[in-house]
Amino acid sequence: MQILKKLVNKHTLSLASNAVMPIVSMVTVSLLARNLTERDLGYWILFLITFTIANFFRSGFLQTSLVKFYSGASKERAATVVGSTWFMGLILTSILAFISFLTYLFGSNPSLEITVNWFAIIFFSTLPSSIALWVLQAEERFDRIFFLQLIHPATFFLSIVALIIIHQTHFQYVIYAYCLSAMLTSLISIAAGWAKMSSIRHKSNACVKELVNFGKYSVGTSISSYLLRGSDTFIIKYMFVDPSFVAIYYLPQRLMEVIEIPLRSFIATALPAMSAAVQRNEKPHMTYIMKKYAGILTILLIPVSIVTFICADFIIEIIGGQKFVPTEAARVFRIFLCFAVLLPVDRFFGITLDILNKPHLNLVKVVLMLVVNVAGDFIGIYFTHSLYGVALASIVSFIAGVVYGYWVLKKNLNFKIRDILQLGFSETKLLAISLISRMKGKND
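Figured I'd write up the structure that's included with this text. (Residues numbered from 1 in each chain as written. Predicted model: local features only at pLDDT ≥ 70, side-chain atom pairs only at ≥ 80, totals over all residues. Heavy atoms only, no water.)

## Comments concerning the pattern of salt bridges
Inclusion rule: The salt bridge definition used is simple: a Lys or Arg side-chain nitrogen within 4 Å of an Asp or Glu carboxyl oxygen. Counting from the N terminus, the helices are the DSSP runs of H or I reaching at least four residues and the strands are the DSSP runs of E reaching at least two. The cut-offs for exposure are 20% and 50% of the maximum accessible area for each residue type, with area from a 1.4 Å probe on protein chains only; residues under the lower value are buried, those over the upper are exposed, and the others partly exposed.
Inspection of the entire model under this criterion finds six salt bridges. For arginine 77, the salt bridge goes to glutamate 210, with nearest N and O atoms at 3.0 Å. Here arginine 77, found in helix α4 (residues 75-106), pairs with glutamate 210, found in helix α9 (residues 205-239); they are 133 residues apart in sequence, far enough to count as distant. Take arginine 77: its relative accessible area is 26%, and that puts it in the partly exposed class.

## Some words on the environment of proline 128
We count it as follows: Contacts are assigned to residue pairs with any non-hydrogen atoms lying within 4.5 Å of each other.
The residue proline 128 is located in helix α6 (residues 127-138) in this model. A sequence separation of 85 residues divides proline 128 from asparagine 213, and the C-alpha atoms of the two residues are 23 Å apart. If sequence neighbours within four positions are ignored, proline 128 has contacts with Trp86, Ser186, Ser189, Ile190 and Ala195.

## Thoughts on the nonpolar core
Let me state the cut-off plainly: In these notes, a set of buried Ala, Val, Leu, Ile, Met, Phe, Trp, Tyr and Cys residues joined through side-chain atoms within 4.5 Å is what counts as a nonpolar core.
Ranked by size, the top nonpolar core spans 94 residues in total, and within it Met256, Met274 and Phe348 carry the most contacts. The residues touching methionine 256, leaving out its near neighbours within four places in the chain, are Phe333, Phe336, Leu337, Phe339, Ala340 and Leu343. Grouped together as the second largest cluster of nonpolar side chains are 20 residues, Leu32, Leu96, Phe119 and Val174 included.

## Let's talk about the packing of α6 against helix α8 (residues 171-191)
What counts, and what does not: Here, axes are lines fitted to C-alpha atoms. For helices the fit covers the stretch in contact, and angles between N-to-C directions go from 0 to 180 degrees. Oblique is the label for every angle not falling under 35 degrees (roughly parallel), over 145 degrees (roughly antiparallel), or within 65 to 115 degrees (roughly perpendicular). Each crossing is labelled by how the near helix is turned from the far one, with a counterclockwise turn of less than a right angle marking it left-handed and a clockwise turn marking it right-handed. Amino acid classes used here: Ala, Val, Leu, Ile, Met, Phe, Trp, Tyr, Cys and Pro are nonpolar; Asp, Glu, Lys and Arg are charged; the rest, including Gly, are polar.
At their nearest, the axes of α6 and α8 sit 7 Å apart, and the two run at 50 degrees to each other. Here α6 lies oblique to α8, going by the angle between them. The way α6 lies across α8 gives a crossing that is left-handed. Of α8, the residues touching α6 (which contributes Pro128, Ser129 and Ala132) are Thr185, Ser186, Ser189 and Ile190. Class assignment for the residues of the contact of α6 with α8 results in three nonpolar, four polar and no charged.

Here is the structure:
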C-alpha cells in the first residue's frame, strides 16, 4: 500500500487521465456503432465531428493562454485571468452557437438540422467543465482532473448501456444522454468550486486583450497541427485511385497515437511548472524543466520504439487483422517509429515558445512543418509511387520542426540538444534506481 501511494503522483494521474478516457470513449463508440441504425449513426458522427471541431477551436484559443497566465500568478492576478477567460469563453461559445443557428435557419439538409438543434445547448453545457479542467491543470491538481475527466465519458457510457437494455438506442435519445452527461460534469465542476464561475466579475479589458493576442496564435497553431495530422490522408486520397490506401496508412497513424498518450500527460504536468518559473523570472529553471521532461521521454521512447519496430508485423496483425498483413502497413509503421524519438523534443520546443510569450514563432514552426510535409508528400509519391514516400516526408517535416525550434530557442535560452539527452539519461537512471529501491524496501 505504501508503494502504491508513492506511485500515485501528478505524472501517473495525468497519464491515467490521458489513457483511460480514450478507452472509455472508444468502447462507447463501439456500442453505438453496433446498436444505432446506419442513418442514426451517420447523424451521430456528424454531430460529434461538428462539436469536436468547435471545441478544438475554443480550447485552442483559451487553454494554453489560461495555464500560461494563471500558473504562478498572485491570487488577484489569477482571479482576473480566470474571469477574463470566462468572458472570452462565453463570447466564443455565443459566436459559434449563433453560426449554428444561422445554419439551422438557412440549411436544408435534415441531418444538419438535427445536429445544429443540439449543438448550442451542449456547447454551452461543456464550457464550465472545460474552464475547470484548464484551471485545475494550472493548479497541478491532476487528481481532480482525473475525477472530472472520468465523469462525462463514464456517465455517457452508462447511459448508452441503459438505452441498449431498454431498446431505445435512437439518435435523439443518444443526444439526450450526451447532453445530460455534459451538464452533470459542469454542475459538479461549478458546485465543487473548480470552475471559479464567480471570477467573471474580476475580468479586465487589459487581460482580455492579453488572452486575445496570445490566443490568436495558439488557435492558429492548434488548427495547423490538426492539418499537419490530416494532410497525409487527404493527399493519399487525392493521389491514389485505390481507396484502400487511406485505410492502410490510417492504421499505423492511429497506432502512433498510443505514443501520444504519455507525451500529452508529460506536457500537461510540465506546462504549469514552466509557466510558474517564467512568472518568477526563472528562465534557467524553466529550461531545466524543458530539458528534463523532453529528455526522459526521449530516452524512454528509444527502447519502446526498437521493440515496437521489431514487432510491427505482429502489432499490425493484432490490431488490424489478417487483411493488413500483406500490405505496406507494417513498413509504414516502422518508418513512423523512426521519428518517434523526435516527438518529445518537437512538442517541448513548441510549448516552450508559448511559455516565453512567443506563440507567433510556435505558429511559424508548425506552419513550416505543414508546408514541408505537404511538399514532401507530393515529392515522395512522385519518386516512390507508394505510401513509403508519404511516411518518409513525415520524418523530414519533424526534423524541420526540431531544427527551427532549436534555432529560435537558442536566441532566448542557453542550452544544447545534447543537454536534453544527457539530462534525460541521468533523470531516467535516477527514476529507475528510486523505483527499484522502493520495490526492494517493500519486499524487505
